[in-house]
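For reference, the chains in residue letters:
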Amino acid sequence: MRFEWFIATRYLTKGRKNSFISIISLVSILGIAIGVAALIIALALINGFQNDVRNRILSSSAHIMITDRLGDGIDDYQNLAARVENKFPR
């Protein structure tokens, strides 16, 4: 029997006069197990939500944004779009 299992069975299965200690130990172990499970589930949900939000944000924004300095608009934007398309092909 491994050392860890020996210690666990020794303290969890005490004699009749210390059965209250066994109940407390069992409730403590169950509480810790439920807490760890809740943390794992919460982290998995947050990670999935984070990936979903990141994908939605990145899919709705352009990879390249071209603006003019004065804010008047870009004259001959079709020519500029063609030049950008030739420089950065898909």
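Overview of the structure. (Residues numbered from 1 in each chain as written. Predicted model: local features only at pLDDT ≥ 70, side-chain atom pairs only at ≥ 80, totals over all residues. Heavy atoms only, no water.)

## Some words on the overall build of the protein
Definition in use: Elements are defined by DSSP. Helices are runs of H or I of four residues or more, strands are runs of E of two residues or more, and each kind is numbered from the N terminus. Burial classes: relative accessible area under 20% of the type maximum marks a residue as buried, over 50% as exposed, and values in between as partly exposed (1.4 Å probe, protein chains only).
Across its full length, the protein holds three helices and zero strands. Each of the 90 residues in the protein was classed as buried or not, and the buried ones make up 2%.

## Digging into the pattern of salt bridges
Formally: By definition, a salt bridge exists where a carboxyl oxygen of Asp or Glu is found within 4 Å of a side-chain nitrogen of Lys or Arg.
Here the structure, examined in full by the defined rule, presents two salt bridges. Between Glu4 and Arg2 there is a salt bridge whose closest N-O contact spans 3.7 Å. Since its relative accessible area comes to 48%, Glu4 is described here as partly exposed. Ionic pairing is found between Arg56 and Asp52, a salt bridge with its closest N-O pair at 3.3 Å. One end of the pair, Arg56, and the other, Asp52, are both in helix α2 (residues 19–60), four residues apart, so they sit about a helical turn from each other.

## Comments concerning a nonpolar patch on the surface
To keep things clear, this is the line we draw: Note on patches: the residues involved have over 30% relative accessible area and no salt bridge, like charges join within 9 Å, and the nonpolar side chains Val, Leu, Ile, Met, Phe, Trp and Tyr join within 5 Å. For the area figures, the Shrake-Rupley method with a 1.4 Å probe applies, and any residue is considered shielded solely by the protein chains shown.
Together, Ile64, Ile66, Ile74, Tyr77 and Phe88 give the surface a local cluster of nonpolar side chains, amounting to about 500 Å² of exposed area. Relative to the assigned elements, Phe88 resides in the segment after α3 (77–87).

## Examining the environment of Met1
Stated formally: Contacts are residue-level and defined by heavy atoms, with any inter-residue pair within 4.5 Å sufficient.
Here Met1 lies in the segment before α1 (3–12). For Met1, the contacting residues outside a window of four places in its chain are Phe6 and Thr9.

## Points about the environment of Ala8
Mapped onto the secondary structure, Ala8 falls in helix α1. A relative accessible area of 29% means that Ala8 is categorised as partly exposed. Separated by 17 residues in the primary sequence, Ala8 and Ser25 place their C-alpha atoms 9.9 Å from one another.

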